[in-house]
Amino acid sequence: MNGTATPERAASASPPPQAASSPPPAQPLEWRFSQVFGERSAGEEVQDVDIISAIEFNKSGHHLATGDRGGRVVLFERTDVKDHACRKEAEKADYSISRHPEFRYKTEFQSHEPEFDYLKSLEIEEKINKIKWCQQANGALFLLSTNDKTIKFWKVQEKKVKKVSEMNLDRSTAPANGSPGGVGTPNASLSNGGVLKADGLPLLRLPVVTSQETSLAASCRRVYAHAHDYHINSISNNSDGETFISADDLRINLWNLEISNQSFNIIDVKPTNMEDLTEVITSAEFHPTHCNTLAYSSSKGSIRLVDLRQSALCDTHSQIFEQHEAPGSRSFFTEIIASISDIKFSKDGRHILSRDYMTLKLWDVKMNSGPVATFQVHEYLRPKLCDLYENDSIFDKFECCQSGDGLRVATGSYSNIFRVFGCGTGSNEATTLEATRTPTRRQLQNTTRPARSLSTLTRAVRRGAESTGIDANGNSYDLSTKLLHLAWHPTENLIACAAANSLYMYYA
C-alpha cells in the first residue's frame, strides 16, 4: 500500500513524537472506505457553489462541519457512539466493539450571502473560508464561520415543535377543559356549541397543544465585521474559551466572543510604504493549551511563535522556524513554493505541522534550527514548475492535519489523492489514497512502463496538456481535480476529505 515517496528527515533532528522510550515503529495503517456524502454520478457537472471549501471536526469528534463556496454550513453527527452502559456490558462479555466511526447528516444553514462593498467597489463572495467549533453549552452547538471579510458566531440547538393536536370542539370533553366538574348544577348548552356555567357565564374552551417533534434551528448570535482590509485566511479559538483570532494578509486581530464591535490588532506586518512589502501572513493558529501563545506562517516559508504577554502589539516574535535554502539552489520559483499554506499545532502543542507547495514539514517548538521531518508530497511535479506557474496551479493552497496520537500526518494533492505519512520513530510509512470508494486503487505501480513526460502527451491530448500528466509511479495525474481540504478525527484514525462537492471518509 505504500507509495514511492519516503520521508526525508533532518540530520540533526530531535526525536519526533513519542520518541523518548524508542518504541518499535508503528505498522502502516490499512485504510478503508467508510462513507461518502454528495457523491456525483458519472458525467454529472458540479456547480461551483456546491464545492466544499472548509472541513472541521469538533473537539470531541462527535460532530463534523463543512462549508462550501455557496456560503452554506452543513453539520454531520456521529451515529455509532455507544452509551457507557452498553460499553461496560460488552467489556464484561469480552466483546470488542470494532465498528468504525459513522456519521449522518444533521442540518445545514446559510451562513453567508454575497455582499458588495460600495466604498471599495468590491464584491465579497459568500464562500466559507474557515470553520471553527466553540465550546458546547446546555446541549447547543456553537461555531464560528468566516468568508473573506465577515466572521459569524452561530448557535445550533434543538427546538420542540408544538402542534395543535385537538381543537376541543366535542361537548362531552368540555367539563374537562375548564369547568368545575362535580360542582353546581349541570351545564346548559348554548346555540354556538359553548357550555353555560351555573352562574350564566360561558366556559372558555382552548385547543389542545402537544410537542410532537423536535427540529434543529441555527441562529446567528454575533457578527464580527469591518475589521479586515484584506481577505481573512484564518480564524482560531483560544483555549480560554473566551477569545479568538482572525488573520488576513497583513494583520491578526484578537476578539472576545461576547464583543462583536471591537477587536485588538495584535500583529501588523504592513510596511509604511507598500512597495517595501516582501511577505504576507498565510495562516495563524492558537496553541491548544497555552492561551498566551500563537503561531503564524508567512509567504516566505517561516513560522513565528508569539507570546501575547510580551506586549500589546506583538511585532516581535519569541521564536522563528525556517529552513534555509542551500547555496546556489535559488530559482524564480523558490519563494513561491516555499510559501506556507497551512499550519497546525499537534494535540499536545509540542509540534507544528506546516504545508508548503511541495512538502509537509514537522517542527519541534523547542528546536528552531530546522524541521524534525520533511515529507515529499508530489516531488514528480518539480520539473514542471514552469507549467504550474503558467496555469496558476502553483498558487493552490493545500491544508494539512495530524492524528490525535501524533504518529501520522496527512495532506492532499492533485487527482483527488491524499498522502498519509508516519512521523513516529523509525517509521517509513507513506501511503497514497484516492478520494473514491476504492481508495487504494492508485497503489498499483507499473514498473515495466517508464514514466512519460508531458511533452509525450501533447499529440494525444492537446487541450489537457497543461493539466494532465504521468507521476513517478506511472499513474496519470490531473491538476484540475485537487484535494485541498481534509481533517483528522481528534481521537480515532478517521480522515474526512473533500473532492469537489463530495465529502469522503476513510478509517483504519
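For every chain, the first residue of the written sequence is number 1, and numbering continues from 1 onward in sequence order. Restriction of local features to residues with pLDDT of at least 70 applies here, the model being predicted, together with a cutoff of 80 or more for giving and counting side-chain atom pairs; totals for whole chains, interfaces and linings are based on all residues. Based on all heavy atoms of the structure, the side-chain values leave hydrogens and waters out of the count.

J.: Looking at this structure, I do not really get the overall build of the chain. What am I missing?
T.: Helix and strand assignments come from DSSP, with helices taken as H or I runs of at least 4 residues and strands as E runs of at least 2, each series counted from the N terminus. When its secondary structure is counted, the chain shows 3 helices and 34 strands. Note on contacts: a residue pair qualifies if any of its non-hydrogen atoms lie within 4.5 Å across the two residues. When contacts within the chain are restricted to residue pairs at least 6 apart in sequence, those whose partners lie at least 24 apart make up 58%. When the accessible surface of the chain is summed, it comes to about 26,000 Å², and 49% of that surface belongs to carbon and sulfur atoms. The Shrake-Rupley method, run with a 1.4 Å probe, gives the accessible areas here. Residue values count only the displayed protein chains as cover.

J.: Before we go on, may I ask you to explain the nonpolar core in this structure?
T.: Generally speaking, soluble globular proteins have nonpolar side chains that are buried together. Grouping buried Ala, Val, Leu, Ile, Met, Phe, Trp, Tyr and Cys residues that are joined through side-chain atoms within 4.5 Å yields what is termed a nonpolar core. Exposure is judged per residue with a 1.4 Å probe applied to protein chains only, and the accessible area is read against the type maximum: over 50% gives exposed, under 20% gives buried, and values in between give partly exposed. In this structure, Trp31, Phe418, Val420, Leu486, Ile495 and Cys497 are the most contacted members of the largest nonpolar core, which totals 17 residues. Counting residues per element, the ones that place at least two in this core are strand E28 (417-422), strand E32 (486-488), strand E33 (494-499) and strand E34 (502-507). Sorting elements by how many residues they give to this core places E33 first, with 3 residues. When neighbours within four sequence positions are excluded, Ile495 is seen to be in contact with Trp31, Ala410, Phe418, Val420, Leu486, Ala487, Trp488, Tyr504, Met505 and Tyr506.

J.: Is there a simple way to explain the layout of surface pockets in this structure?
T.: Over the atoms rolls a probe the size of a water molecule, and its path tells where empty space is left. Of the voids in this model, the second largest pocket is the one considered here, and its volume is about 1,300 Å³. At the level of secondary structure, the elements contributing two or more residues to the lining of the second largest pocket comprise strand E2 (52-57), strand E18 (281-286), helix H2 (334-338) and E33. Examining the composition of the lining of the second largest pocket, we find that 3 residues originate from one element, E18, more than from any other. Of the residues in the lining of the second largest pocket, the class split is 16 nonpolar, 15 polar and 17 charged. Of the grid points, spaced at 1 Å and generated over the protein atoms alone, those admitting a 1.4 Å probe that cannot get out make up cavities, while open sets with protein on both sides within 12 Å along at least five of seven lines make up pockets; any residue with an atom within 4 Å of a point is treated as lining. Grid points are joined across faces, edges and corners, and a volume is the space filled by probe spheres set on the points. Charged residues are taken to be Asp, Glu, Lys and Arg, nonpolar residues to be Ala, Val, Leu, Ile, Met, Phe, Trp, Tyr, Cys and Pro, and polar residues to be all remaining types, Gly included.

J.: Could you clarify how one ought to interpret the sheet that holds strand E9 (residues 141-146) in this entry?
T.: The strands making up a sheet are joined through hydrogen bonds of the backbone, oriented either antiparallel or parallel. Strand pairing follows a simple DSSP-based rule, namely that at least 2 bridges must link the two strands. Strands sit in the order E8-E9-E10-E13 across an open sheet of 4 strands; the sheet is antiparallel. Edge positions in the open sheet fall to strand E8 (130-133) and strand E13 (208-224), since each of these has one partner strand only. Direction aside, the axes of adjacent strands within the sheet are offset by 30° on average. By the bridge criterion, 15 bridges tie strand E10 (residues 151-166) to E13 in an arrangement that is antiparallel. The residue bridging Lys160 from the neighbouring strand is Thr214, located in E13. For helices, the fitted axis covers only the stretch in contact; all axes are lines through C-alpha atoms, and the angles between them, taken along N-to-C directions, range from 0 to 180 degrees.

J.: What am I meant to see in the environment of Ser260 here?
T.: Topologically, Ser260 is positioned in strand E17 (residues 259-268). Sequence spacing of Ser260 and Ile151 is 109 residues, and the spatial spacing of their C-alpha atoms is 9.4 Å. Those residues in contact with Ser260, other than ones at most four positions away along the chain, are Arg222, Val223, Tyr224, Ala225 and Trp255.

J.: What am I meant to see in the pairing of strand E27 (residues 408-412) here?
T.: Along a regular strand, successive side chains alternate from one face of the sheet to the other. Of all the 5 residues making up E27, 5 are buried; the element is thus mostly covered by neighbouring parts of the structure. The side-chain alternation of E27 yields two buried faces, one formed by Arg408, Ala410 and Gly412 and the other by Val409 and Thr411. As judged from the 3 bridges shared by strand E26 (residues 400-402) and E27, these two strands associate in the antiparallel manner. Across the sheet, Cys401 pairs through a bridge with Ala410, a residue of E27. As paired elements, E27 and E28 share 5 bridges and run antiparallel to each other. If you follow Gly412 over to E28, its bridge partner there is Phe418. What sits between the antiparallel neighbours E27 and E28 is a turn of 4 residues, in which Ser415 has the positive phi angle 60°.

J.: I'm lost on the environment of Leu494 in this one. Help?
T.: By the element assignment, Leu494 lies in strand E33. The spatial distance from the C-alpha of Leu494 to the C-alpha of His100 is 8.2 Å, given a sequence separation of 394 residues. Apart from the residues within four sequence positions on either side, Leu494 is in contact with Trp31, Phe57, Pro101, Phe103, Ala487, Trp488, His489, Met505, Tyr506 and Tyr507.

J.: Help me understand a nonpolar patch on the surface in this model?
T.: Two distance rules govern patches: like charges are joined within 9 Å, and nonpolar side chains (Val, Leu, Ile, Met, Phe, Trp, Tyr) within 5 Å, applied only to residues with over 30% relative accessible area and no salt bridge. Note on definitions: salt bridges are taken to be side-chain nitrogens of Lys or Arg within 4 Å of carboxyl oxygens of Asp or Glu. Together, Val164, Met167 and Val209 make up an exposed nonpolar region whose accessible area comes to about 280 Å². One can find Val164 in strand E10.

J.: What's the story with the pattern of salt bridges in this structure? I'm lost.
T.: Side chains that differ in charge, positive against negative, can pair when their charged atoms come close. Using the criterion set out here, one finds 24 salt bridges in the structure. We note a salt bridge from Asp68 to Arg72, for which the minimum N-O separation is 2.9 Å. According to the relative accessible area criterion, Arg72 is partly exposed, its value standing at 23%. Taken together, the salt bridges that share partners define one network made up of Lys120, Asp229, Arg251 and Asp268.

J.: Can you help me understand the pairing of strand E29 (residues 430-434) in this one?
T.: Judged by how many residues are buried, E29 sits mostly within the fold: 5 of 5 residues are covered. Of the two faces of E29, the one holding Ala430, Thr432 and Glu434 and the one holding Thr431 and Leu433 are both buried throughout.

J.: For this particular structure, what's the right way to read the state of the cysteines?
T.: Here, disulfide denotes a covalent bond that connects the sulfur atoms of two cysteines. We call a pair of cysteine sulfur atoms a disulfide when they lie within 2.5 Å. Summed over the entire model, instances satisfying the criterion amount to 0 disulfides. Just so you know, Cys401 is unpaired, no disulfide at all, and the nearest cysteine sulfur is the one on Cys400, 7.2 Å from it.

J.: Help me understand unusual backbone geometry, please; the structure alone is not making it clear to me.
T.: With glycine set apart, most residues show a phi of negative sign, and most peptide bonds adopt trans. One non-glycine residue with positive phi stands out, namely Ser415, at about 60°. Positive phi, close to 60°, is recorded for Ala500, a residue that is not glycine. Note on Ala500: relative accessible area 24%, which makes it partly exposed.

J.: It is not clear to me how the environment of Arg408 should be interpreted in this structure. Could you clarify?
T.: Relative to the helices and strands, Arg408 is located in strand E27. Taking the relative accessible area as the measure of exposure, Arg408 reaches 4% and is therefore buried. Discounting chain neighbours no more than four positions away, the residues touching Arg408 are Ala26, Gln27, Leu29, Gln402, Ser403, Val420, Phe421, Gly422, Cys423, Glu429 and Trp488.

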